[in-house]
Amino acid sequence: MINKIKILLLIILSTHLFSYNHPEIDWLTYETEHFIIHYHESTSRSAKEASLVAEEVYDSITKLYNFYPKTKTTIIVRDTDDISNGAAYYFDNKIVISSLPLNFDLRGSHRWLQNVITHEFTHIIQIGASMKYSQSFPMLFMQGIGYEDEKRTDVLYGYPNTIISYPIPNVSMPPWFAEGTAQHMGFYTYDFWDSHRDMILRDKTLNMKLLSLNQMNTFGKSGAGQEFVYTQGFSLTEYISQQYGDSTLYALTNEFSKKNIYSINKVFNNVLRRDANSVYNDWKNSLIEIYNIRTKNVSENLYEGEILVDQGITNLYPVFSPSGDKFAFLSNMDNDYFGQTDLYIYSFKDSLYTKIASGVKMAPCWYGDSTILYTKRSKPSKTGSRFYDFYKYSIALEDEERLTFGERVFSPSIDAHGRVFGVRYNDGTANIVTGHIDSLSLTEITDFDNGRQIYSTHIDGSILHFDFTDNHHRDIHTLDIIDIDSAPEHYKSEAPSTNGAQLLNNPLMVNEWDSRSPKKSNDKLVFSDDRTGIFNIYLVSDESSGFVTNVIGGAFTPSISKDGRILYSIYKDGGYRIAIINNPKIVDIDNVGYEDNYYKNWVAPDMIVSDKSLNDYSKYKEGFGSLA
């Protein structure tokens, strides 16, 4: 039995290592003055852009914290799974990032590589500057154990009755300060205090539910609690910088590096001559005053509609069925964390909802009244990778069917002829793909190659709407799909030509603010818009145009029925709920959000962009970091 257990453990371990290391990939290396970039061929454009961004931000970050790594910082660019993340291994002087851009419903939309590299490199430098000992010494853990007297001569030790544990860490910086300063480096405007972060903090403040300073000192929270640490840390760091000067961030960081200091109160007292709780309370009181003033007009002129679903904290992407008697939506109501969403159907007939599929991501769509298309991350492939694929669910048969296999596609939409559209990423750039529901051989109908991030698709007749980011915020464009009505059989028998789609000359919504999640029905278009500083639902029709919601939190992912009802997701009291507006009316713009031209407070400069591959590279050679 013991030998069988050993064999089983070896199999599990080897499978895990195989899936993580991906030996099927040939790695390459590119070096700059301060960085070593490891990448594989399918991430060459992202690696090139990463190298440009990293060198651009190097001087400012290292000078602010007066810390310069002894060796070149390693950046690993990988695209082995449909996961968006970045991580800084500061003891190894190493950064690992995914080339797939982040699409997270608690964050705004910013160009991915510029944002994540600046953030993670700040961690490398700032935490490096705060280390109390050598980079090769993560921590020391001392433990003493005492035992009872032995009661029998054949017992070597008595039962343990005393345990003393004492850690001596090399790094003692609280996560809110580390994450706050990493976001603060957005003064390069690769990230900034946008409407999403402001929404989360505003909602927490006005509901008197801000995390305490002690709660901000730890991660490990369920729901959306992790994100609250990021957002509050970002805001408090900005407050400290504004009140005491940007150089204070270095002074606080340097104080953390002293060997005898492990208390944030000592750090604040030594640098600011005030304890941390006093600074926290001043910041908190300033937020209460600011948000009460800014939302006074909104609170007196609220227009939210009726809340239909409020279980859980993640209720997103409501989509009317063609008949309008039900809608599909995503929710985490039976799960612990924000991103653990399942697919539900809500019936207007009895106001009940039913879970029909687990693990569904992003917006679903209807094909008739009995079939739903959606996105899931599939089971690991033979090389251990997990990719997004299309699935469909038959309500009549109560059956789920996987439509694609390793296609890395999401956000489906489908027309009356069964032609499916979706988004696929390659090397950090999104393109739109199409195929037929009965034979999903997918073909790309756009040829973007510069890191454009596309989030959703919606087909209306022969016009495909999609929202995207090139820099900051989202814009809405359209594709004209030619001859789709006259030749539906063509799309069933073979893949359509890329000549079947062309960009319209006039983009639908390109502004200095964020316009996203377009949906259209009977010549009425709805989308989410934050020009006033707060996301609200905007309606465009032949009769009138304007905002049809006025909320204190935020209004997102709308859907409009044939008879003009509007579903949307409202962020309220720490989570997203599903609401409906049965008789939409245009709200006076003077009462919506902070102010009509609030977007002018945001700066959106040109980005460092690369659409080229790396040329001067070498084959990867195995090496070890200083800690190893």
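Residues numbered from 1 in each chain as written. Predicted model: local features only at pLDDT ≥ 70, side-chain atom pairs only at ≥ 80, totals over all residues. Heavy atoms only, no water.

Draft legend 1. Looking closely at the overall build of the protein. Each helix and strand in the protein was counted, giving 12 helices and 32 strands. Here the protein has a C-alpha radius of gyration of 26 Å; the compact-globule value for 628 residues is 25 Å, and the two agree. Structurally, the protein occupies a C-alpha span of about 85 × 65 × 65 Å along its principal axes. Taken across its 628 residues, the protein has 54% of its residues classed as buried. A sequence separation of at least 24 residues applies to 58% of the contacts in the protein between residues at least 6 apart. As displayed, the protein has an accessible area near 28,400 Å², and 49% of this comes from carbon and sulfur atoms. Here the protein carries 58 positive and 79 negative side-chain charges, and the mean point of each set is 6 Å from the other. (Helix = DSSP H or I, 4+ residues; strand = E, 2+ residues; numbered from the N terminus. Rg over C-alpha atoms; globule rule 2.2 N^0.38 Å. Buried < 20%, exposed > 50% of the residue type's maximum accessible area, 1.4 Å probe, protein only. Contact = heavy atoms within 4.5 Å. Areas by Shrake-Rupley, 256 points an atom, 1.4 Å probe, with all protein chains shown as cover. Lys, Arg positive; Asp, Glu negative; His and termini not counted. Charge placed at Lys NZ, Arg CZ, Asp CG, Glu CD.)

Draft legend 2. Structural view of helix H9 (residues 264-272). Listed in full, the buried residues belonging to H9 are Ile264, Val267, Phe268 and Leu272. Angularly, the buried residues of H9 cover 95° about the axis, an arc narrow enough to put them on a single face. Along its buried surface, H9 packs onto helix H4 (175-184), helix H7 (225-244), helix H8 (247-256) and helix H10 (276-294). You can read the cap of H9 off the contacts: a side-chain oxygen lies 3.2 Å from the backbone nitrogen of Asn265, and it is on Ser263. Two residues or fewer past H9, Arg273 is found with a positive phi of approximately 60°. (Arc of directions from axis to C-beta. Polar contact = N/O pair within 3.5 Å; in protein donor to acceptor, adjacent residues only side chain to side chain.)

Draft legend 3. Fine view of the environment of Asp542. With respect to the helices and strands, Asp542 occurs in the loop between strand S27 (536-540) and strand S28 (545-547). Residues Asp542 and Tyr620, 78 residues apart in the sequence, show an inter-C-alpha distance of 59 Å.

Draft legend 4. View of the layout of surface pockets. The space that makes up the largest pocket amounts to roughly 1,500 Å³. Lining the largest pocket are 49 residues, with Ser84, Asn85, Leu102, Asn103 and Phe104 sitting closest to its centre. When contributions to the lining of the largest pocket are tallied by element, the ones reaching two or more residues are helix H3 (112-130), H4, H7, strand S9 (315-320), strand S13 (360-367) and strand S21 (453-460). Considering every element that reaches the lining of the largest pocket, the biggest residue donor is H3, with 6 residues. Taken together, the residues of the lining of the largest pocket sort by class into 22 nonpolar, 15 polar and 12 charged. Quantified by volume, the second largest pocket comes out at close to 1,200 Å³. Every residue lining the second largest pocket is counted, 39 residues in all, and those nearest its centre are Thr74, Asp92, Lys94, Phe624 and Gly625. Looking at the lining of the second largest pocket residue by residue, the class counts come to 16 nonpolar, 14 polar and 9 charged. (1 Å grid on protein atoms, 1.4 Å probe; cavity = no way out; pocket = protein on both sides within 12 Å on 5 of 7 lines; lining within 4 Å. Points joined across faces, edges and corners; volume = space filled by probe spheres on them. Nonpolar A, V, L, I, M, F, W, Y, C, P; charged D, E, K, R; others polar.)

Draft legend 5. Expanded view of the packing of H4 against H7. At a minimum axis separation of 7 Å, H4 and H7 run at an interaxial angle of 70°. With respect to their mutual orientation, H4 and H7 come out roughly perpendicular. Contacts between H4 and H7 involve Pro175, Trp176, Phe177, Glu179, Gly180, Thr181, Gln183 and His184 from the first element and Val229, Tyr230, Gly233, Phe234, Leu236, Thr237, Glu238, Ile240 and Ser241 from the second. Per-class residue counts for the contact of H4 with H7 are 8 nonpolar, 7 polar and 2 charged. (Axes fitted to C-alpha atoms, helices over the stretch in contact; angles between N-to-C directions. Parallel < 35°, antiparallel > 145°, perpendicular 65-115°, else oblique.)

Draft legend 6. Structural view of the packing of aromatic side chains. Within this structure, the stated rule accounts for 33 aromatic pairs. Here the aromatic residues Phe320, Phe327, Phe329, Tyr344, Tyr346, Phe348 and Tyr353 are joined through ring pairs into a cluster of three or more. Here the basic side chain of Arg294 rests over the ring of Tyr594, its NZ or CZ set 5.2 Å away from the ring centre. (Phe/Tyr/Trp six-rings, centres within 6.5 Å; stacked < 30°, edge-to-face > 60°. Lys NZ or Arg CZ within 6 Å of the ring centre and 35° of its normal.)

Draft legend 7. Structural context of the environment of Gly593. For Gly593, the location among the structural elements is in the loop between strand S31 (575-581) and strand S32 (618-619). Separated by 299 residues in sequence, Gly593 and Arg294 have C-alpha atoms that sit 8.2 Å apart. In this view, Gly593 contacts Arg294, Val298, Thr532, Ile534 and Asn550; residues no more than four positions away in its chain are not counted.

Draft legend 8. Focus on the sheet that holds strand S30 (residues 566-572). In space, the 4 strands of this open sheet follow the order S8-S31-S30-S29, with antiparallel pairing throughout. If you trace the sheet from one side to the other, it starts and ends with strand S8 (306-309) and strand S29 (554-560), each paired once. Across the sheet, the mean angle separating the axes of adjacent strands is 35° when strand polarity is ignored. Two elements, S8 and S31, share 3 bridges in a ladder whose sense is antiparallel. Bridge assignment links Val309 to a residue of S31, and that residue is Ile578. Sheet contacts for helix H5 (residues 195-206): S29, S30 and S31; angle to S30, the most-contacted strand, approximately 65°. (Pairing = 2+ DSSP bridges.)

Draft legend 9. Looking closely at the sheet that holds strand S20 (residues 439-444). Within the open sheet, the 4 strands sit side by side as S17-S18-S19-S20. Their pairing is antiparallel. Each edge of the sheet is formed by a strand with only one pairing partner; in this case those strands are strand S17 (409-414) and S20. Averaged over all pairs of adjacent strands, the angle between strand axes in this sheet comes to 30°, irrespective of strand direction. Pairing analysis gives 3 bridges linking strand S19 (residues 429-436) to S20, with the strands arranged antiparallel. Each bridged residue has a counterpart across the sheet, and for Val433 the counterpart in S20 is Glu444.

By themselves, these are just geometric observations and shouldn't be taken as functional.
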